[in-house]
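# A closer look at the structure
What follows is the residue order along each chain.
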Amino acid sequence: MATRGFIGKRPTDGVGDRLPPGQYLTEDFPVLSAGPTPRVGLAEWRFTLKDGVRPVMSWDWEAFNRLPQSKLTRDIHCVTKWSKFNTAWSGVMVDDILAEAGIAAPSEWTLAHAYDGYTTNVPTEDLVGGKAMVATHFEGKPLIADHGGPARLLVPHLYFWKSAKWVNGLQFTRRDEAGFWELRGYHMRGDPWREQRFTGD
Amino acid sequence: MSSLPDIAPQPARLVWQPAAVVAITRETPRVKIFRLKPADWHGFTAGQHVDVRLTAPDGYQAERSYSIGSAPDGSGEIELVIDLIDEGEVSPFFHEVVEIGDEIEIRGPIGGHFIWRAEDGGPLLLIAGGSGLVPLMSVLRYRAQAAPEIPAALIYSARRREDLIWCGELLRRAAEDPNFSLFATLSRETAPTEGIRHGRIDRALVDAALESLPAPPKTTFLCGSNPFVSAASTFALDAGIPFASIKAERYGG
Ligand SMILES: Cc1cc2nc3c(=O)[nH]c(=O)nc-3n(C[C@H](O)[C@H](O)[C@H](O)COP(=O)(O)OP(=O)(O)OC[C@H]3O[C@@H](n4cnc5c(N)ncnc54)[C@H](O)[C@@H]3O)c2cc1C
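## Some remarks on helix H2 (residues 133-146) of chain B
Residue and element names in this part refer to chain B. Under the 1.5 Å per step criterion, the end-to-end length of H2 is 19 Å for 14 residues, consistent within 8% with the ideal 20 Å. With eleven of 14 residues buried, H2 lies mostly within the body of the structure. Regarding H2, the residues found buried are Leu133, Val134, Pro135, Leu136, Met137, Ser138, Val139, Leu140, Arg141, Tyr142 and Arg143.

## Quick word on the sheet that holds strand E12 (residues 246-250) of chain B
All names here are of chain B. Sheet architecture is open: six strands sit in the order E10-E9-E8-E7-E11-E12, paired in parallel fashion. The sheet terminates laterally at strand E10 (196-198) and E12, the two strands that pair on one side only. Pairs of neighbouring strands in the sheet enclose a mean axial angle of 15°, with direction left out of account. As judged from the five bridges shared by strand E7 (residues 124-129) and strand E11 (residues 219-224), these two strands associate in the parallel manner. Each residue of the ladder has a partner; that of Ala128, found in E11, is Cys223. Strands strand E8 (152-158), strand E9 (180-186) and E10 of the sheet are contacted by helix H3 (residues 167-176), whose axis makes an angle of about 140° with E9. Across the sheet, helix H4 (residues 203-212) is in contact with E7, E8, E9 and E10; its angle to E9 comes to roughly 165°.

## Quick look at the pairing of strand E6 (residues 109-114) of chain A
Residue and element names in this part refer to chain A. Of the pairings in the sheet, the one linking E6 to strand E7 (residues 119-123) comprises five bridges and is antiparallel in character. Along E7, the bridge assignment pairs Ala112 with Thr120. The turn linking E6 back onto E7 is made up of four residues, and Gly117 within it adopts a positive phi angle of 90°. Where E6 lies against strand E11 (residues 167-173), six bridges are found, and the strand directions are antiparallel. Its bridge partner being in E11, Leu111 is matched across the sheet by Gln171.

## Thoughts on the pattern of salt bridges
Enumeration according to the criterion identifies 29 salt bridges over all chains in this entry. Linking Glu195 of chain A and Arg197 of chain A is a salt bridge whose minimum nitrogen-to-oxygen distance equals 2.8 Å. Each of the two residues, Glu195 of chain A as well as Arg197 of chain A, counts as buried. Residue Glu79 of chain B pairs with Arg141 of chain B through a salt bridge whose shortest N-O separation is 4.0 Å. Taken together, the positions of Glu79 of chain B in strand E5 (residues 78-83) and Arg141 of chain B in helix H2 put the pair 62 residues apart, joining distant regions of the chain. Neither residue differs from the other here; Glu79 of chain B and Arg141 of chain B are each classed as buried.

## Some points on the interface of chain A and chain B
Across the contact, 37 residues belong to chain A and 44 residues belong to chain B. When chain A packs against chain B, close to 3,400 Å² is buried across both sides, 52% of that on carbon and sulfur atoms. Summed over the shared surface of chain A and chain B, the number is eight salt bridges. Here chain A is connected to chain B by 20 residue pairs in polar contact (both at pLDDT 80 or more).

Cut-offs and rules
Residues numbered from 1 in each chain as written. Chains lettered and ligands numbered in written order. Predicted model: local features only at pLDDT ≥ 70, side-chain atom pairs only at ≥ 80, totals over all residues. Heavy atoms only, no water. Helix = DSSP H or I, 4+ residues; strand = E, 2+ residues; numbered from the N terminus. Expected span 1.5 Å × (residues − 1). Buried < 20%, exposed > 50% of the residue type's maximum accessible area, 1.4 Å probe, protein only. Pairing = 2+ DSSP bridges. Axes fitted to C-alpha atoms, helices over the stretch in contact; angles between N-to-C directions. Contact = heavy atoms within 4.5 Å. Salt bridge = Lys/Arg side-chain N within 4 Å of Asp/Glu carboxyl O. Buried area = accessible area lost by both parts, 1.4 Å probe. Polar contact = N/O pair within 3.5 Å; in protein donor to acceptor, adjacent residues only side chain to side chain.

Structure representation (structure tokens):
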């Protein structure tokens, strides 16, 4: 259905192909979360890997930062419609977290947990194989709290609500357990290129 | 629970549908209200939004989200309240091109977190910056009909007197409703205005709103631009409002 009188502001060449359907490019870095920004001190920070209810391994801030450091520069896409290109992150790849814990991913499903009580489910295969990290730095600087610091999950190829801010753990689950937004009508996988915003998309 | 006929959650599947523009009102120099009649509408919950999709003749599309400002009222119609962003793509189209009788594609209602139903209870603290008032106005209007005994306070910050959306209605509700208090403040205007404060939102304003309520708020709703919501959430936390009781919606910008 064409909208009477709408022409639109086309993205410039080279931008359109990099924008998933329904997204527009922003140069800013908007903040998105369901509540206020939690205040997480580095002294109390912990990251825990769990298989079901069983903790597999846990790191404090210093130990976590001794894990192998990697960089990812990627386009990111928020379900509220903005996309941002070439965002540069560094942190620890999920692959390296698993290697350090001495396990291979034990199930197909993962639930990420965060300090504010937020959760989001991500298929395990979207987290491994060089696709995702726990990011501690953005553009060379420690990640600020509004953007998820001290550490956030980064799964850049899925809508950005999957990249849980203030992450404090990954939990492998037997089933695909819906997280915070997924329980509230958002998509279980969230692939922006298929415009999987909501349940049923 | 409500006597109102069309309280509805987000549907299991959200389908694009045409909505006819049935009325357009200029509310402030930068805000227009668009009353839409979606083809197939089963109601919504106060706080929810819809997605709007505009399509150019060559198939190019733009999508944006807009909150519903009217209350769930069984009319089968909804009001979108659009603030003009000068450099924007979609808001100038609404302001300059859209006319009564046009059809606009929407899907919704969307949202299962930033919502309020009478059975959720109160007291309610609502904090809005600019067009962040829109979903909170839906909450206030619905509360006035469905549960006027639930205490509510609204902190509402706008730039100037002329930018206050629904100013007359808010002042009237504050005067007539013994369970509702209004704390409107203007960040860029100095001329004194009856019933309206001056300056940016701060801790003192949050404290004043809290004191107007008979008990601590069960839920605090914050809505507006990113910087506004970040500032307001800091003041709310500093004022002792529990983290888990605060719900935020951020419009970008
Ligand atoms: C859940 C949700 C509900 C929303 N509800 C409403 C609503 O009820 N009323 C309403 O008017 N808007 C609302 N918005 C914002 C709306 O979706 C658009 O972002 C807004 O209308 C701007 O779109 P645009 O196409 O005109 O500008 P764009 O083309 O998207 O942006 C142009 C430029 O303006 C900047 N910009 C974008 N938004 C703002 C802003 N708010 N303030 C300052 N600069 C900005 C952008 O960063 C960009 O640089 C809501 C957003 C969300 C996520």
